[in-house]
Amino acid sequence: MKRIAVIPGDGIGKEVMDATMHVLEKLNLPFSYSFYEAGDAAQEKYGKALPDETLEACKKSDAVLFGAAGETAADVIVRLRQELNTFANIRPAKALRGIKCLYPGLNIVVVRENTECLYRGFEFEFDGVSEAVRIITRQASERIARYAFELARREGRKKVTALHKANVMKKTCGLFRDVCREIAVEYSDIEFNDYYIDAACMYLVMDPFRFDVIVTTNMFGDIVSDLAAGLVGGLGLAPSANVGEKHAIFEPVHGAAFDIAGKGIANPTAMILTACMMLRHFGYLDEAKKVEEAVERTLESGKVTPDLGGNLTTMEFANEVASLLD
Ligand code: NAI
Ligand code: MG
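As the structure is a prediction and not an experimental result, all values here were calculated from the model.

Enquirer: It is not clear to me how the nonpolar core should be interpreted in this structure. Could you clarify?
Expert: In a soluble, globular protein the nonpolar side chains are often hidden away together inside. Counting 88 residues, the largest nonpolar core has Leu65, Ile90, Val111, Val215 and Val291 as its most contacted members. Top contributing element to this core by residue count: helix H9 (residues 269-281), with 8 residues. Residues from two domains meet in this core; each of domain 1 (1-84 + 247-326) and domain 2 (89-237) gives at least three. Beyond its immediate chain neighbours, meaning those up to four positions away, Ile90 contacts Val109, Val110, Val111, Tyr147, Leu151, Pro239, Ser240, Ala241, Val243 and Met277. Residues Ala5, Leu50, Leu55 and Val64 belong to the second largest nonpolar core, which totals 16 residues.

Put into structure tokens, the structure is as follows:
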């Protein structure tokens, strides 16, 4: 029995999680789901965005399934990734069948370092001056670079591209770039190059097919993964997995989306595909494929949520997917 700690969180987190649980229930897998609170609402209620009980449960679980947090995201999901040492954040951007997007056929993956960089949380403020400390270590850079190359091999991908700004941030980005170049030598079967992050953003928009696996530091990874999601249809479709040696957290790329929360119109595809990444993590490859296929068939049918030009509610979309699993 796999113990899954489920944190729906804030805003559309709850809505897309309900929809995803409805799909997962159809699979009858040996999973036990326990629900925990975290996020803005938990902050209000307990004075802590990530209550101790939730953190402990996540540490004891076999996996965490996370929806979204709101303004407390840094105290919840960024902290959880650090506490559970899930050092790699895997964010595929794949054009799905039936989606009218900028780049049909695109299939890239962003591998984001998850534990350091400016998101480490070392921020100080004194007398009108605010500062943030950016931590980049050889150890974490090696670990994420290796992860990217191993992922490329495992998925039959041909190329790894490191993104950095080593011309300006000579020490931090310089270290990251140098380590990526060193590790690349060990993987002569995989092509390697690196770009400055700003130019890479232009290449991503104008010619994303030059990328396959992207590896980058925490904050750049956050930014380019939303950009990459935009190339293939938007945040409503973008799943992600945070993995470490002991723990794993599965969460969509998107946040609480307060602009559409409470209306029942969020696209649950990102969360459902996130659950598929969890299924694969536990070795349920056939089940993952089955759900992914059901999602794509539903998208192809044109019965979709408003972000994709349709008029289905979150739950109606989930029902369509679930009905294909019978
Ligand atoms: P967001 O990712 O929540 O939303 C960005 C845009 O994408 C919005 O227009 C939203 O409506 C749309 N969108 C996102 N997910 C969608 C879905 N499933 N279906 C349809 N449309 C979708 O980012 P935003 O608006 O910058 O932040 C909102 C709140 O979420 C903030 O409080 C922020 O701190 C938090 N946040 C939390 C994250 C997390 O928990 N991992 C990540 C990003 C933001
Ligand atoms: Mg983000």
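On we go.
Enquirer: I'm lost on the sheet that holds strand E2 (residues 31-35) in this one. Help?
Expert: The strands that make up a sheet are held in pairs by hydrogen bonds between backbone atoms, and each pair lies either parallel or antiparallel. The 10 strands lie next to each other as E2-E1-E3-E12-E11-E4-E5-E10-E8-E9, forming an open sheet whose pairing is mixed. Each edge of the open sheet is held by one strand with a lone partner, namely E2 and strand E9 (191-196). Strand after strand, the sheet turns through a mean of 20° between neighbouring axes, direction not considered. With 7 bridges joining them, strand E4 (residues 88-94) and strand E5 (residues 107-113) adopt antiparallel strand pairing. Its bridge partner being in E5, Pro92 is matched across the sheet by Val109. Sheet strands in contact with helix H5 (residues 138-154) are E4, E5, strand E8 (159-164), E9, strand E10 (213-216) and strand E11 (241-243), and its direction is about 160° off that of E5. Of the strands in this sheet, E4, E5, E8 and E10 touch helix H8 (residues 218-231), which is tilted by about 160° from E5.

Enquirer: I tried to follow the domain arrangement of the protein chain on my own but got confused; where do I start?
Expert: When the parts of a complex come together, some accessible area is lost, and that lost area is often used as the size of the interface. Domain boundaries assigned for the protein chain yield domain 1 (1-84 + 247-326) and domain 2 (89-237). Computed over C-alpha atoms only, the centres of domain 1 and domain 2 are separated by 24 Å. Contact residues are listed per partner, giving 19 residues for domain 1 and 19 residues for domain 2. In this structure, the connection of domain 1 to domain 2 is made through 4 salt bridges. Notably, a salt bridge pairs Glu296 with Arg97, separated by 3.6 Å at the nearest N-O pair. The interface formed by domain 1 and domain 2 holds 6 residue pairs in polar contact (both at pLDDT 80 or more) in total. Mapped onto the side of domain 1 that touches domain 2, the elements with two or more residues apiece are helix H4 (73-83), H9 and helix H10 (285-301). Element by element, the count of residues in the side of domain 1 that touches domain 2 is highest for H10, at 5 residues.

So, how was this worked out
- Residues numbered from 1 in each chain as written.
- Chains lettered and ligands numbered in written order.
- Predicted model: local features only at pLDDT ≥ 70, side-chain atom pairs only at ≥ 80, totals over all residues.
- Heavy atoms only, no water.
- Core = buried A, V, L, I, M, F, W, Y, C linked by side-chain atoms within 4.5 Å.
- Buried < 20%, exposed > 50% of the residue type's maximum accessible area, 1.4 Å probe, protein only.
- Helix = DSSP H or I, 4+ residues; strand = E, 2+ residues; numbered from the N terminus.
- Domains from an automatic or database assignment.
- Contact = heavy atoms within 4.5 Å.
- Pairing = 2+ DSSP bridges.
- Axes fitted to C-alpha atoms, helices over the stretch in contact; angles between N-to-C directions.
- Salt bridge = Lys/Arg side-chain N within 4 Å of Asp/Glu carboxyl O.
- Polar contact = N/O pair within 3.5 Å; in protein donor to acceptor, adjacent residues only side chain to side chain.

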